[in-house]
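What follows is the residue order along each chain.
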Amino acid sequence: MKLSVIVPCYNEEKVLHLLAERLGAVFLELKADDYEIILVNDGSTDRTESIIKELSKNNGKYKAVHLSRNFGHQAALLAGLAHFTGDAAFLLDADLQDPPELIGRFIEKYNEGYEVVYGVKKARKENFFKKATYRLYYKILRMLAEIDIPLESGDFCLLSRRVVSVIISMPERNKFLRGLRSWVGFKQYALEYNRDKRRSGASKYTIRKLLKLSNDGIFGFSKVPLKVSFWLGIFICLGCFGAAIIFFILYLISDIHNKLPGYTSLILSILFFGGIQLFALGLIGGYIGRIYDTVRNRPEYIIKGKDNIV
Ligand code: UDP
Ligand code: MG
């Protein structure tokens, strides 16, 4: 089989040489010669572009896609997936957090007939806060999602050509790859591994990018947030109806209404309902924004140039 390794790179000048070294060693050990490495330069502003050009000039196995600006990790992966020529694609981060030495084990599973082999993190070497928020997020996503999205699995995976064609032919925008990968079905295998620390440089996932990714996960795979506002609305209306009856009875049997100035309760209820409405609107906005993205049909990324790819 021919394997295509796809590596999204955003300002990764410090790790690219090390990555190439480790990938070279891996393929040497596997005694595999039929492979390609597609580096996707996601609008880097450091020396990443020139290092990629140099790598692809010196070694025909290296191919590159340069995007016109920073489109984000998921878009960079999609750009790579649109250009691979192998039988299977292997998605790998540039920062060597996910060890390329595992390629052999992924290929083994592929040869056993699994079309999706995804890495599941046994241990993460990251700070406590990051670990805890990731864990919480995946738990929530799993609770809400319409499909079974495995816990603790990132984009580190091997996908058969068939699975990739299905995923990239979907017209939906803001693709959440690790969700779609489960959604497509086929024979899937969870491969456990230990996740390392980033080799060098800081994480390229800013809080904003992480929020976008987590929203794509929830809005892309769950309609529960829409239903939450629906049920919350019904619940509150019933509550109000009950309260109205109670107030009416109190009005008849006591003189409580003469002692209540009514100001606090009025303000509180205005605030409360204002809040509920904004909340519901925000939820709906989340979906409408995504519908808008899909209807606009803008490309998910724009290619500026390619190396060793026609
Ligand atoms: N990345 C990218 N575009 C971005 C952000 C990240 O192509 O806008 C790449 C980055 O170069 C790396 C991978 O995506 O190869 C994962 O990013 P990072 O390691 O920063 O994320 P983390 O591991 O901290 O979640
Ligand atoms: Mg990383």
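Residues numbered from 1 in each chain as written. Chains lettered and ligands numbered in written order. Predicted model: local features only at pLDDT ≥ 70, side-chain atom pairs only at ≥ 80, totals over all residues. Heavy atoms only, no water.

### Remarks on the site of ligand 1
For ligand 1, the set of nearby residues contains 20 residues, the closest of which are Glu12, Asp95, Gln97, Ser203 and Lys204. In the environment of ligand 1, an oxygen atom lies 2.5 Å from a nitrogen or oxygen atom belonging to the side chain of Gln97. Protein contacts shield 97% of the accessible area of ligand 1, which totals 530 Å² for the unbound molecule. Spatially, ligand 1 is embedded in the second largest pocket. Those elements that place two or more of their residues in the shell around ligand 1 are strand S1 (3-9) and helix H5 (128-144). Looking at the shell around ligand 1, its residues break down into six nonpolar, five polar and nine charged. (Near = heavy atom within 4 Å. Polar contact = N/O pair within 3.5 Å; in protein donor to acceptor, adjacent residues only side chain to side chain. Areas by Shrake-Rupley, 256 points an atom, 1.4 Å probe, with all protein chains shown as cover. 1 Å grid on protein atoms, 1.4 Å probe; cavity = no way out; pocket = protein on both sides within 12 Å on 5 of 7 lines; lining within 4 Å. Sits in = over half its atoms within 2 Å of the grid points. Helix = DSSP H or I, 4+ residues; strand = E, 2+ residues; numbered from the N terminus. Nonpolar A, V, L, I, M, F, W, Y, C, P; charged D, E, K, R; others polar.)

### Some words on the nonpolar core
Grouped together as the largest cluster of nonpolar side chains are 40 residues, with contacts concentrated most on Ile6, Leu67, Leu81 and Leu91. What Leu91 contacts, discounting residues up to four positions off in sequence, is Ile6, Leu77, Leu81, Asp155, Phe156, Cys157, Leu159 and Leu177. In terms of nonpolar packing, the next biggest core, distinct from the first, is built from 34 residues, Leu19, Val26, Val117 and Leu158 among them. (Core = buried A, V, L, I, M, F, W, Y, C linked by side-chain atoms within 4.5 Å. Buried < 20%, exposed > 50% of the residue type's maximum accessible area, 1.4 Å probe, protein only. Contact = heavy atoms within 4.5 Å.)

### Some remarks on the pattern of salt bridges
Across all of its chains, the model carries 15 salt bridges by this definition. The partner of Glu36 in a salt bridge is Lys63, and the shortest N-O contact between them spans 2.7 Å. Of this pair, Glu36 sits in strand S2 (residues 35-41) while Lys63 sits in strand S3 (residues 62-67); the two residues are 27 residues apart in sequence, bridging distant segments of the chain. A salt bridge links Lys109 to Glu112; the nearest nitrogen and oxygen atoms lie 3.0 Å apart. (Salt bridge = Lys/Arg side-chain N within 4 Å of Asp/Glu carboxyl O.)

### Describing the layout of surface pockets
Roughly 800 Å³ of volume is contained in the largest pocket. Forming the walls of the largest pocket are 24 residues, and the residues nearest its centre are Arg69, Phe71, Asn174, Lys212 and Glu300. Within the residue set of the lining of the largest pocket, elements represented by two or more residues are helix H3 (73-81), helix H8 (207-221) and helix H11 (263-296). The greatest single-element share of the lining of the largest pocket, amounting to five residues, is contributed by H8. (Points joined across faces, edges and corners; volume = space filled by probe spheres on them.)

### Quick word on a nonpolar patch on the surface
Taken together, the side chains of Phe241, Ile245, Phe248, Ile249, Tyr251, Leu252 and Ile253 make up a nonpolar region of the molecular surface, amounting to roughly 810 Å² of accessible area. Assignment of secondary structure puts Phe248 in helix H9 (residues 224-253). The exposed category is assigned to Phe248, whose relative accessible area is 53%. (Patch = residues over 30% accessible without salt bridge, like charges linked within 9 Å, V, L, I, M, F, W, Y side chains within 5 Å.)

### Brief notes about H9
With 30 residues, H9 extends 43 Å between its outermost C-alpha atoms, agreeing within 8% with the 44 Å of an ideal straight helix rising 1.5 Å per residue. Along H9, the positions that sit buried rather than exposed are Pro225, Ser229 and Ile236. (Expected span 1.5 Å × (residues − 1).)

### A closer look at unusual backbone geometry
A positive phi is found at Asn11, a non-glycine position, where the angle reads about 50°. Note that Asn11 resides in the loop between S1 and helix H1 (16-30). Here Leu96, not a glycine, exhibits a phi torsion of approximately 65°, which is positive. Within the secondary structure, Leu96 is located in the loop between strand S4 (88-91) and helix H4 (103-111). Relative accessible area serves as the criterion here: at 0%, Leu96 is assigned to the buried category.

### With respect to H5
In an α-helix, one full turn covers 3.6 residues, which means residues spaced three or four apart are oriented alike. Here H5 is 17 residues long and its end C-alpha atoms lie 24 Å apart, about the 24 Å a rise of 1.5 Å per residue gives. Taken as a whole, H5 has its buried residues at Tyr134, Tyr137, Tyr138, Leu141 and Leu144. Looking straight down H5, one finds its buried side chains confined to an arc of 135°; they lie on one side. The exposed residues of H5 that point more than 90 degrees off its buried face are Phe128, Leu136 and Met143. (Arc of directions from axis to C-beta.)

### Digging into the packing of aromatic side chains
The description of an aromatic ring pair uses the distance of the two centres, along with the angle that the planes make with each other. Counting across every chain of the model gives nine aromatic pairs. With centroids separated by 3.7 Å and ring planes inclined at 0°, the aromatic side chains of Phe27 and Tyr35 adopt a geometry described as stacked. Each member of the pair Phe27 and Tyr35 is classed as buried. Ring centres 5.4 Å apart and planes at 70° place the aromatic pair Phe90 and Phe156 in the edge-to-face group. (Phe/Tyr/Trp six-rings, centres within 6.5 Å; stacked < 30°, edge-to-face > 60°.)

### What about the pairing of S3?
Taken across its six residues, S3 has six buried, putting it largely inside the fold. Residues of S3 alternate between two faces, with Tyr62, Ala64 and His66 on one and Lys63, Val65 and Leu67 on the opposite face, all of them buried. One ladder, built from five bridges, connects S2 with S3; its direction is parallel. Paired with Ile38 across the strands is Lys63, a residue of S3. In terms of strand pairing, S3 meets strand S8 (residues 303-307) through four bridges, oriented antiparallel. Bridge assignment links Ala64 to a residue of S8, and that residue is Asp307. (Pairing = 2+ DSSP bridges.)

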